[in-house]
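# Fold and geometry: a report
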Amino acid sequence: MKRLKTVKTFHSKFNGVPEATVTPLAPPETVALVPVTAPFVKLKLLVREKDLVDVGTPLLQDKRDPQVLFVSPGAGTVEAIVRGPRRVVQEIVIRLGQTSQGPKEMAPISLESLDAMPRMKLIQLLKQRGIWPFIRQFPFMDVPDSQSPFPMAVVSLHCGDPFAPDPSVFLKDQQASFLHGLAILGKLSTKVIVTTPQRFLPPLKIMGLAEQITHVTQDEYPAGDPGVILYQIKKSAADNNSCTMDPQELIAMGHLFATGHYQTKRFYAVGGTPERIPAHYHTRMGSPVKHLVGDLKADNGVVTGGVFTGSLTPVEGHMGAGLSSAIVLNATDKDFFLGFAWPGKKLLSESRTFVSSLGSASLNMDATLHGEERACINCGWCDKKCPVDLLPQFIMKAMGAGEMEEPLELGLLDCTGCGLCTFVCPSKIDVAAIMALSKETCYRERVMP
Amino acid sequence: MNPLKTVFKKTDPYFQQGGRFSRFKGIYAATRTFFFLPSPVTQNAPHVRDHIDLKRFMSLVILALLPVTLFGMFNVGYQYHGGAGSLLEMFITGASHVLPIILVSYGVGFFWEILFASVRGHEVTEGLLITGLLFPLTLPPTIPLWQVALGISFGVVMGKEVFGGTGRNLLNPALTARAFVFFSYPASMSGNAVWQLPAPGVDAVSSATALALGGTGGNIQEMIFNAGFSLDRLFFGLIPGSIGETSAFLCFVGAIFLMVTRVASFRIILGGIFGVITTALIFMVLPGPTDTWFSAGPLYHLFSGGFALGISFMATDPVSAPGTDSGRWIYGFLIGFFTVLLRSVNPAYVEGVMLSILFMNVFAPLIDHVTLKITAARRIPNV
């Protein structure tokens, strides 16, 4: 077990961090497949409204590789197909209930037969069973290319985001599935890296997982982000094509292979200022947001996914595939009377320009901008927070000038999208979005046919 | 509800698109956001954002400049009364001469800023709050107001707006303004007669600044001391000079505040101080003239002239400084180096800070280019 060297992290503390307790919730009426997090897939719909589906029925297909399927998280009737801008499928809502033939299950594959299985056959199985899209390949975080083995598979049990689910919660009694999942990743890649922040190490050791954990990271965000870990441990350019997987999805994959049944439940961390206690809730994957957070006050909104990477989701919406936290934040337009002059005892800031920076109290946060967008003044606060040592302001300016080689040379593709550059920018420039757009431009220029 | 907010709510429609005063939208929005800092809901991830914004960023610089400004006012009065008046009397005399300069600088500066903002259709930005205050602090108290107006116009228009406005200027606008006045009207900016307000009935008071001494044989350090510029007087600043430059002490207090809040880069400030100390020390041990500033030693160089003001508030302007950490050290160090070099070996300019900062401003992009190449070469390539 190695301790990774320190990286630049986020230091302020938020109020409303979820407790480590777990409350099981009654099953929701609907669940949905929300393929939001796959950036470049071109989806093709395989079902229509009112169709009967089972757990594991393919609902969507990636046009780039028709073998890559997205499968149903529940059994019942397809109630609605919600489309976003440009008619991109956002949600396939399934009303839980009667099924057609019973769940699509598979014969269990033991660790021994897994060992004997050829790599391509395993990949085919993963694609068929809708697991492949949950494995993501650096640097574009795309659905992986199956041609060559991955140099590394990075499994981070906790990215450091204070609102992410506690690994000692979702790993409890799931050790066997977890190990099975790791074995599958081990078949696909040369090396499997499992990391945990320091503070979760003691409970994980008690669970008997000490042997599997290869690296220990800092506790703060984003030290546990898979991209940051890869940046720290990669030895050569070949390692850039490593892959990663969310730990809960890894457990579900292991569960499916070990037992033949789909794991349809997930642990969700609910934080911020919800009407119920900020804690962990155990319920169906793809549950409605409202089912998780309960009733909302009029001014509040829900950010699903990480507090720095997630997006505001309407309460009627469903949790995205692979996302496991919901944060309730105040989300109404505000203004602050003489806002620039207050000492700011209770205002959260990573800078040292508020009195609050003298203490270390947890503070409230809201989903507003706290200022107006201005031109970049080259203050360099973004690079003071970048965990992978990029100089975001220079990459941004080079992209603005239509340059592509220079951003790449400066390490654009190492960007993990942690969002801290945008968070700290005093000019309120969405640097992270510009970095993401640059990566997308790069992808379109060279990867896409 | 805040009564002011009600006023803004009522007047809002007049300034919106199609309203009667829509052409004044820029100045209206600037006023409104001065009182009510807007905080709209964020549209993209990350939805949570830091509370710091550019208004607060800039107002911290103003806060650090306030003691310097107030002391400058006091010192102008102190020099006028020869230290004989009451404290209040001296302050009022000073303020009555300095405030008009500041007001003209702000007034004319904002005129251009608003004009450009309206024509270009962007917001009035906060940078001018600093430029408009820094510029007067670099001027002698006897400066004619029309020259202040011309100077700030040149600084704002040619130093900033022609490059595209805030964030795109190559040179520090306040120093550009000063350089314009310095080279266009040297009689108001140099010599021995401009640093002190003339007493009633007298044309001008001759009072050399410490930097003008030297070149007459003897030892420079003794000469400075004998002229009444002991180190502590230079440090605390009750001496004639530009309005804001005399008190190195208050400038460094401001610098410490800016470094602690990280609004200014400590690398530039410490690099500059380090540059002055090393260069002055090297010059001191080199065989050279002992009767000029060449041999004055590091402390006299640090505390005299405008170095403290320049390195704390002008060199740290992030827009015109390099953006990499190593680049900032180099930039600061070279400012210190050139300051001492100009003061020591160039008899045409008694003060070297303005020129060395402007000179390094020009070189900042080159420093960035080189340091970026080195940083990029150290990464494991990911292309």
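Residues numbered from 1 in each chain as written. Chains lettered and ligands numbered in written order. Predicted model: local features only at pLDDT ≥ 70, side-chain atom pairs only at ≥ 80, totals over all residues. Heavy atoms only, no water.

### Remarks on the interface of chain B and chain A
Quick reminder of the rule: We call two residues in contact whenever any of their non-hydrogen atoms come within 4.5 Å of each other. Values labelled buried area give the accessible surface lost by two parts on being combined, using a 1.4 Å probe and summing over both. The term salt bridge refers to a side-chain nitrogen of Lys or Arg lying within 4 Å of a carboxyl oxygen of Asp or Glu.
Counting residues at the interface gives 57 residues for chain B and 78 residues for chain A. Summed over both partners, the interface of chain B with chain A comes to about 6000 Å²; 56% of that surface belongs to carbon and sulfur atoms. Inspection of the chain B/chain A interface yields eight salt bridges. B:E126 serves as the salt-bridge partner of A:R374, at 2.9 Å between the closest nitrogen and oxygen.

### What about the environment of A:E29?
Residue and element names in this part refer to chain A. Rule in force here: Helix and strand definitions here come from DSSP, where helices need a minimum of 4 consecutive H or I residues and strands a minimum of 2 consecutive E residues; each element is numbered from the N-terminal end. Think of it in three bands: residues with accessible area under 20% of the maximum for their type are buried, residues over 50% are exposed, and the middle band is partly exposed, with areas taken using a 1.4 Å probe on protein chains only.
Turning to its location among the elements, E29 is positioned in the loop between strand 3 (22-24) and strand 4 (30-33). Exposure remark for E29: the relative accessible area of 59% places this residue in the exposed category. For the pair formed by E29 and L96, sequence separation is 67 residues and the distance between their alpha carbons is 5.9 Å. With near-sequence residues (within four places) excluded, E29 lies in contact with I94, R95 and L96.

### Considering the packing of aromatic side chains
The criterion, for reference: To pair, rings of Phe, Tyr and Trp, with the six-membered ring standing in for Trp, must have centres within 6.5 Å; the planes then decide the type, stacked if under 30 degrees apart, edge-to-face if over 60, and tilted in the middle.
Inspection of the entire model under this criterion finds 38 aromatic pairs over all chains. Residues B:F359 and B:F363 carry aromatic rings whose centres are separated by 5.0 Å and whose planes lie at 55° to one another, so their mutual orientation is tilted. One end of the pair is B:F359 and the other is B:F363, both in helix 16 (residues 353-378) and four residues apart, which spans about a single turn. Put simply, the rings of A:F337, A:F340, B:F8, B:Y14, B:F15, B:F21, B:Y28, B:F34, B:F35 and B:F36 touch in pairs and so form one group of aromatic residues.

### Describing the sheet that holds strand 7 (residues 58-62) of chain A
All names here are of chain A. Applied cut-off: Two strands form a pair only when DSSP identifies at least two bridges running between them. Every axis in this analysis is a line fitted to C-alpha atoms, fitted for helices over the stretch in contact. Angles between the N-to-C directions lie between 0 and 180 degrees.
The strand order across the open sheet formed by three strands is 5-7-8, and the pairing between neighbours is antiparallel. The strands lining the two open edges of the sheet, one partner per strand, are strand 5 (43-45) and strand 8 (65-71). Across the sheet, the mean angle separating the axes of adjacent strands is 35° when strand polarity is ignored. Note that strand 5 and strand 7 share three bridges and pair antiparallel. Counted as the bridge partner of K44 is Q61 from strand 7.

### Some details on the nonpolar core
Just so we agree on the cut-off: To define a nonpolar core, start from buried Ala, Val, Leu, Ile, Met, Phe, Trp, Tyr and Cys residues and group those joined through side-chain atoms within 4.5 Å.
Of all hydrophobic cores here, the largest spans 111 residues; its most connected members are A:F308, B:I224, B:F313 and B:Y331. The leading source of residues in this core is helix 3 (residues 54-81) of chain B, at 13 residues. With residues near it in sequence (within four places) discarded, A:F308 still touches A:F10, A:F14, A:D161, A:Y221, A:C418, A:G419, A:L420, A:F423, B:A45, B:P46 and B:V48. Counting residues in each nonpolar core, the second largest holds 60 residues, with A:L43, A:L126, A:L171 and A:F267 among its members.

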